[in-house]
Amino acid sequence: MMKGALVRKLKGKSLPEKDIIKKWKILKGDKVEVSFGKDKGKQGEVLRVLRKKNKLIVKDINVTKRHIRKGMERPEGEKDLGKYWHAESPIHYSRLALVDPSTGRGCKVTWGEQDGEKVRIAKKTRTIIPKPAVKYTNPEKRASLPGPKDTLSDVAQKATFDPNTLNPLLLASLEHKQRHLE
């Protein structure tokens, strides 16, 4: 099967386990540059990482038209644009390069260690590229809310085991086993 046919077959699904990138050097919030393609040379911030597809969504990169179907709402903050709006589409990990803070251009990156912590280092300039501070847009979504089948914490912490209420036969067998172990 040709590579293009495989991509068409897997469109919208995650890749096979063997093809998924294990160690990502580009994280959400990083500044990246497009290495090749229609947006070559453009830089933007990573908005989202799609690890199971080896793709990223970058601000103002790989922008496509999205059409509005009947009953579909417009994205928040968009004015009346008619029947479509522009949105960022995912771009493959291999087309992007992390921006070196000292040169302002895309660079190759390697992992290193500084003060016992893993850091990303630009290969040419040996500059340390700091990890971005993660900003969660919806903290309520990340917090777990108790559901109907969850046990409340005060009930779970209550001591319910009392050895004096054990069945006398079970208690006798436990004492018997304890004597044989000694």
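That block above? That's the structure.
Residues numbered from 1 in each chain as written. Predicted model: local features only at pLDDT ≥ 70, side-chain atom pairs only at ≥ 80, totals over all residues. Heavy atoms only, no water.

Q: Summarise the nonpolar core; cite the residues concerned and give the values.
A: I26, V32, L56, V58 and L96 are the most contacted members of the largest nonpolar core, which totals 16 residues. Mapped onto this core, the elements with two or more residues apiece are β1 (31-34), β3 (55-58) and β7 (96-99). In this structure L56 touches W24, I26, V46, R48, V49, S89, P90, I91, Y93 and L96, once residues within four positions along its chain are discounted. (Core = buried A, V, L, I, M, F, W, Y, C linked by side-chain atoms within 4.5 Å. Buried < 20%, exposed > 50% of the residue type's maximum accessible area, 1.4 Å probe, protein only. Helix = DSSP H or I, 4+ residues; strand = E, 2+ residues; numbered from the N terminus. Contact = heavy atoms within 4.5 Å.)

Q: Describe the side chain of N62, with residues and values.
A: Counting through the fold element by element, N62 comes out in the loop between β3 and β4 (63-67). Residue classification places N62 among the buried residues on the basis of a relative accessible area of 17%. Ignoring sequence-local partners within four residues, the contact set of N62 consists of K38, D39, A87, E88, S89, P90 and I91.

Q: Go over the packing of aromatic side chains, please, and point to the residues and values.
A: The full count for this structure, using the stated rule, is one aromatic pair. Ring geometry for W24 against Y93: centres 4.6 Å apart, planes inclined by 70°, an arrangement best described as edge-to-face. With W24 in the loop between α1 (3-9) and β1 and Y93 in the loop between β6 (91-92) and β7, this pair connects stretches of sequence that are 69 residues apart. By relative accessible area, W24 is classed as buried at 5%. (Phe/Tyr/Trp six-rings, centres within 6.5 Å; stacked < 30°, edge-to-face > 60°.)

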